[in-house]
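# Examining the three-dimensional arrangement
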Amino acid sequence: QVQLVESGGGLVQPGGSLRLSCAASGSILSLWAMGWYRQGPGKQRVLVAHISNGGTTNYADSVKGRFTISRDDAKNTVYLQMNSLKPEDTAVYYCNARRTVVGGTYEYWGQGTQVTVSS
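My aim in this report is to walk through the structure given alongside it, one point at a time. The shown structure was predicted, so the numbers you read here are calculated from the model rather than taken from an experiment.

### A look at the side chain of Arg66
- Of note, Arg66 is situated in the loop between strand E6 (57-59) and strand E7 (67-72).
- Classification of Arg66 as buried rests on a relative accessible area of 11%.
- A distance of 3.0 Å separates a polar side-chain atom of Arg66 from the backbone oxygen of Ser84.
- Apart from the residues within four sequence positions on either side, Arg66 is in contact with Gln81, Met82, Asn83, Ser84, Leu85, Lys86 and Asp89.

Now the structure itself:
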């Protein structure tokens, strides 16, 4: 069982920055691939950024060059640095942990943190 707790959301003006954190407990973070997803009003949850347990990163086209995902396995924490924020980035952001082992895939979600980009 992995518990994920997001923090760092809030209200920011267009062009501003926020850093989201996802603190993990219950397992060793280095074993898990981690992702940040978001769900805007009336929209489906979509992948924003992903980092493998080896450190390989992938981003949605809409955030490339603006968002950076990173992980500190010693602190059991994953981060999402968000720069040049736009109103369309407004959403609830969720942290995800996934691990595939012999016999199946395990996946856990945090409770989400609201990010609102508005003037």
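### Looking at the packing of aromatic side chains
- According to the stated counting rule, one finds 2 aromatic pairs in the structure shown.
- Taken together, a centroid distance of 5.7 Å and an interplanar angle of 65° make the contact between Trp32 and Tyr108 edge-to-face. Note that Trp32 is positioned in the loop between strand E3 (18-25) and strand E4 (33-39) and Tyr108 in strand E10 (residues 104-109), a separation of 76 residues in sequence.
- For the pair Tyr37 and Trp109, a centre-to-centre distance of 4.9 Å together with 65° between the ring planes defines the contact as edge-to-face. Here the residue Tyr37 occupies a position in strand E4, and Trp109 occupies one in strand E10, the gap between them amounting to 72 residues.
- Residue Tyr37 is classed as buried on the basis of its relative accessible area of 14%.
- Geometry around Tyr94 places Arg45 over its ring, the cationic atom sitting 3.6 Å from the centre.
- In this structure, Arg45 packs its charged tip against the face of Trp109, placed 4.6 Å from the ring centre.

What counts and what doesn't
- Residues numbered from 1 in each chain as written.
- Predicted model: local features only at pLDDT ≥ 70, side-chain atom pairs only at ≥ 80, totals over all residues.
- Heavy atoms only, no water.
- Helix = DSSP H or I, 4+ residues; strand = E, 2+ residues; numbered from the N terminus.
- Buried < 20%, exposed > 50% of the residue type's maximum accessible area, 1.4 Å probe, protein only.
- Polar contact = N/O pair within 3.5 Å; in protein donor to acceptor, adjacent residues only side chain to side chain.
- Contact = heavy atoms within 4.5 Å.
- Phe/Tyr/Trp six-rings, centres within 6.5 Å; stacked < 30°, edge-to-face > 60°.
- Lys NZ or Arg CZ within 6 Å of the ring centre and 35° of its normal.

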